[in-house]
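Notes for the structure review
Next come the chains, spelled out residue by residue.
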Amino acid sequence: MVIIIAVVLISLFMGYLIRKYIAEAKIASAEDAAAKIIEEAKKQAQSAKREAILESKEEIHKQRTEQEKEIKDRRNELNRLEKRLMQKEESLDKKASFFEKKEEEIKEKEDEIENKKGELNNLLTKQIQELEKLSGITSEEAKEILLSRVKEDIKHDMAVMIKEMEARAKEEGDKKAREIISIAIQKCAADHAAESTVSVVSLPNDEMKGRIIGREGRNIRTLETLTGIDLIIDDTPEAVILSGFDPIRREVAKIALEKLVSDGRIHPARIEEMVSKAQQEIEVEIREQGEQATFETGVHGIHPELVKLLGRLKFRTSYGQNVLKHSIEVSHLAGVMASELGLDVKMAKRSGLLHDIGKAVDHEVEGPHVVIGAELAKKYKESPEVINGIAAHHGDEEYKTLEAALIQASDAISASRPGARRETLEAYIKRLEKLEEIADSFEGVEKAFAIQAGREIRIMVRPEKIDDNMTAKVARDIVSKIEDELEYPGQVKVMVIRETRAVDYAK
């Protein structure tokens with residue numbers, strides 16, 4: 001047992017020694033390998049260091065070479081620029097010396113010119129003095145003569161220019177304007193009726209007059225009070241005359257009186273009933289007439305109150321022309337002309353139909369119908385273009401659209417149709433006399449004749465005072481004076497006539 005333990009201990013000790021030896025051998029081998037690796041790493045590091053140093057030296061050399069080349073190129077460029085500057089400086093010096101010489105020459109010539117000018121002025125003064133002695137007039141008088149001749153020449157040239165410009169404008173504009181207006185007039189032929197401030201109601205017999213008057217005049221007073229119209233009962237057989245300035249009230253009175261005559265029962269209560277019925281009928285007719293006007297012209301979307309006002313125009317006349325028919329005609333004319341010119345047809349027709357809407361209430365509201373109509377259109381939300389067409393159709397406001405200008409032209413065309421309007425004989429004669437008076441006020445006019453109901457004036461001029469070219473200027477001046485001083489419907493044609501007369505005698 002002891003031996004076994006001794007053997008085990010010896011074995012263990014021997015194993016320990018062997019393991020120690022092996023471990024020391026491995027450590028020594030590892031240290032040798034590590035030393036070799038370190039040595040090899042050092043060698044590689046030194047080799048890499050040498051390569052990096054060589055590469056950096058090559059790069060530095062390369063950059064230095066490139067910089068030296070760039071510096072050389074810049075130096076060459078600077079040398080070249082310096083040479084160019086030197087050349088320019090030399091050139092500028094030469095030019096400066098050249099200009100100095102030229103300036104000296106110019107100064108010498110200026111001095112010479114001043115001397116010549118002084119000599120010429122002296123000569124001119126002497127010549128003027130000699131001319132004044134020879135002619136017997138001073139230089140100021142001669143200037144006045146020359147200026148008067150120049151004025152005459154300029155006046156003559158102006159007349160020639162005006163004539164040429166008018167001829168050119170007529171060639172370009174007259175044909176198209178006449179074509180458009182003639183098309184519009186041909187497409188719209190309206191009827192005109194002369195209305196007055198009285199209406200006549202026929203009676204079945206003269207006995208009915210007494211019943212209309214009533215006991216102590218109570219019936220006629222009731223009728224006049226309710227309608228505001230005067231009843232004229234005179235010796236006119238089987239007729240009663242209704243007189244009043246308000247056409248709607250006059251129509252109400254006429255309808256009520258016709259109903260009373262037809263019914264035969266005439267007393268205050270019955271009169272009140274018939275007047276009320278007549279007023280209702282008129283209201284219905286006014287609305288229907290307004291709707292008919294919008295339907296006839298193709299204008300839709302108008303406010304109902306404006307439609308009623310349009311219907312009231314049926315009972316309104318202006319210079320004997322029915323205003324509703326006139327408005328419809330203006331709408332058609334404006335629409336046709338707008339179509340020919342490529343403008344807004346709907347807007348032109350709408351403005352034309354509403355252009356005289358102010359006349360429906362001008363007896364009730366103060367102010368001109370143009371302003372009233374524009375305010376009504378604004379109140380009932382019409383477009384600014386339509387409002388301008390209404391406000392500008394008599395020239396009270398500048399028109400802002402071409403359609404507004406067409407309304408003005410259409411209104412003049414409708415009003416100037418033969419028979420469209422009626423004016424008093426006194427006003428008509430005064431207008432003709434004023435036309436002739438304006439023409440006679442011009443120098444050189446021998447005689448003036450107003451013809452065509454004042455639509456044209458023919459003026460005979462003295463041929464020795466006004467030549468052919470001056471006739472155009474005289475016509476233009478007369479037109480301007482007529483436009484400034486005279487009020488007239490439509491337009492007035494001014495024709496200036498110059499004739500040459502040759503007179504001889506057979507002996």
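Residues numbered from 1 in each chain as written. Predicted model: local features only at pLDDT ≥ 70, side-chain atom pairs only at ≥ 80, totals over all residues. Heavy atoms only, no water.

Before going further, it helps to spend a moment on the sheet that holds strand 8 (residues 493-497). Pairing in this open sheet of three strands is mixed, and the strands run 6-7-8 from one edge to the other. In this open sheet, the two edge strands, each paired with only one partner strand, are strand 6 (445-451) and strand 8. The average angle at which neighbouring strand axes cross in this sheet is 15 degrees, direction not considered. Across five bridges, strand 7 (residues 456-461) lies against strand 8 in parallel orientation. Bridging across to strand 8, isoleucine 459 finds its partner in valine 496. Strands strand 7 and strand 8 of the sheet are contacted by helix 14 (residues 468-485), whose axis makes an angle of about 150 degrees with strand 8. (Pairing = 2+ DSSP bridges. Helix = DSSP H or I, 4+ residues; strand = E, 2+ residues; numbered from the N terminus. Axes fitted to C-alpha atoms, helices over the stretch in contact; angles between N-to-C directions. Contact = heavy atoms within 4.5 Å.)

A surface patch of nonpolar side chains, amounting to about 840 Å² of accessible area, comprises Ile10, Phe13, Met14, Tyr16, Leu17, Ile18, Tyr21 and Ile22. Residue placement: isoleucine 22 occurs in helix 1 (residues 2-135). Residue isoleucine 22 is classed as partly exposed on the basis of its relative accessible area, which comes to 40%. (Patch = residues over 30% accessible without salt bridge, like charges linked within 9 Å, V, L, I, M, F, W, Y side chains within 5 Å. Areas by Shrake-Rupley, 256 points an atom, 1.4 Å probe, with all protein chains shown as cover. Salt bridge = Lys/Arg side-chain N within 4 Å of Asp/Glu carboxyl O. Buried < 20%, exposed > 50% of the residue type's maximum accessible area, 1.4 Å probe, protein only.)

Regarding helix 4 (residues 218-227), the residues found buried are Asn219, Ile220, Thr222, Leu223 and Thr227. Projected down its long axis, helix 4 carries its buried residues within an arc of 160 degrees, all on one side. (Arc of directions from axis to C-beta.)

A large share of helix 9 (residues 345-354) lies buried, amounting to eight of its 10 residues. Looking at helix 9, one finds that the buried residues are Met347, Ala348, Lys349, Arg350, Ser351, Gly352, Leu353 and Leu354. Where helix 9 is buried, its residues meet helix 6 (268-297), helix 7 (304-312), helix 8 (323-341), helix 11 (384-391) and helix 12 (402-415). The opening residue of helix 9, the one whose side-chain oxygen lies 3.3 Å from the backbone nitrogen of lysine 346, is aspartate 344. (Polar contact = N/O pair within 3.5 Å; in protein donor to acceptor, adjacent residues only side chain to side chain.)

If you want to describe how two helices pack, look at the angle between their axes and the distance between the axes. Running from N to C, helix 9 and helix 11 point in directions that differ by 45 degrees, and their axes come no closer than 9 Å. With respect to helix 11, the axis of helix 9 lies oblique. For the pair helix 9 and helix 11, the sense of crossing is right-handed. Contacts between helix 9 and helix 11 involve Met347, Arg350, Ser351 and Leu354 from the first element and Glu385, Val386 and Ile390 from the second. Residue classes in the contact of helix 9 with helix 11 are distributed as four nonpolar, one polar and two charged. (Parallel < 35°, antiparallel > 145°, perpendicular 65-115°, else oblique. Left-handed = near helix turned anticlockwise from the far one by under 90°. Nonpolar A, V, L, I, M, F, W, Y, C, P; charged D, E, K, R; others polar.)

Everything listed here is a matter of coordinates, which is why it stays silent on function.
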